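Read off the chains here:
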Amino acid sequence: MMLRASSRANDLTLDLDVVRGDLQDSDAIQHAPELAALVDASINDLESLPSARAALVEATDEATMLDAAAVVANFEMMTRIADGTGTRHPADRIESMSDMFGPMGLTEFVSARL
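What counts and how
Residues numbered from 1 in each chain as written. Predicted model: local features only at pLDDT ≥ 70, side-chain atom pairs only at ≥ 80, totals over all residues. Heavy atoms only, no water. Helix = DSSP H or I, 4+ residues; strand = E, 2+ residues; numbered from the N terminus. Buried < 20%, exposed > 50% of the residue type's maximum accessible area, 1.4 Å probe, protein only. Contact = heavy atoms within 4.5 Å. Areas by Shrake-Rupley, 256 points an atom, 1.4 Å probe, with all protein chains shown as cover. Expected span 1.5 Å × (residues − 1). Core = buried A, V, L, I, M, F, W, Y, C linked by side-chain atoms within 4.5 Å. Arc of directions from axis to C-beta.

Caption draft 1: Spatial organisation of the overall build of the chain. Within the chain one finds 6 helices and 0 strands. From first element to last, N terminus to C terminus, the chain shows the α and β order α-α-α-α-α-α. Looking at the chain residue by residue over its 114 residues, the buried ones come to 18%. The long-range fraction of contacts in the chain, counting pairs at least 24 apart against all pairs at least 6 apart in sequence, stands at 43%. Carbon and sulfur atoms form 54% of the exposed surface of the chain, whose accessible area is close to 8200 Å².

Caption draft 2: Broad picture of helix H5 (residues 62–85). Spanning 24 residues, H5 covers 35 Å between terminal C-alpha atoms, matching the ideal 34 Å at 1.5 Å per step. Those residues of H5 that sit buried are Met65, Ala68 and Val72. For H5, the secondary structure elements touched by its buried residues are helix H3 (32–44) and helix H4 (49–59). Trailing H5 by a residue or two, Gly86 shows a phi angle of about 75°, which is positive.

Caption draft 3: Broad picture of the nonpolar core. Among the nonpolar cores identified, the biggest contains 7 residues, and these are Leu38, Ala41, Leu49, Ala52, Leu56, Met65 and Ala68. Sorting the residues of this core by element identifies H3, H4 and H5 as the ones contributing at least two each. With 3 residues, H4 is the largest single contributor of residues to this core. Setting aside residues no more than four positions away along its own chain, Leu38 makes contact with Leu49, Ala52, Arg53, Leu56, Met65, Ala68 and Ala69.

Caption draft 4: Layout of H4. Within H4, the full set of buried residues consists of Leu49, Ala52 and Leu56. Relative to the axis of H4, the buried residues are bounded by an arc of 60° and lie together on one face. Exposed side chains of H4 directed beyond 90 degrees from the buried face belong to Pro50 and Glu58. Looking at the packing, one finds that the buried side of H4 touches H3 and H5.

Rendered as structure tokens:
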């Protein structure tokens, strides 16, 4: 929902392929492959995290890498808090997000409660 709102506010086309891990360049997201690699390493492959950080620094700068790492950490924290408290989306919010479930693979998660 936040990504969709941000895309609309900035007059950008939301490309869910990038969100799902397609490491292609994107007009809407500068350095998409390096950012996606950082996210993937942070979540799925901690051994590759140092090289993902280095690649993002090489493509941008250290401040950008630190900002990106902070965003990844914040989203991970929010997810853990929501899961830990059993938070559920209201029915009207679920309905407003339904067009993203398939393209983002949300129903494939073991914990999906849609």
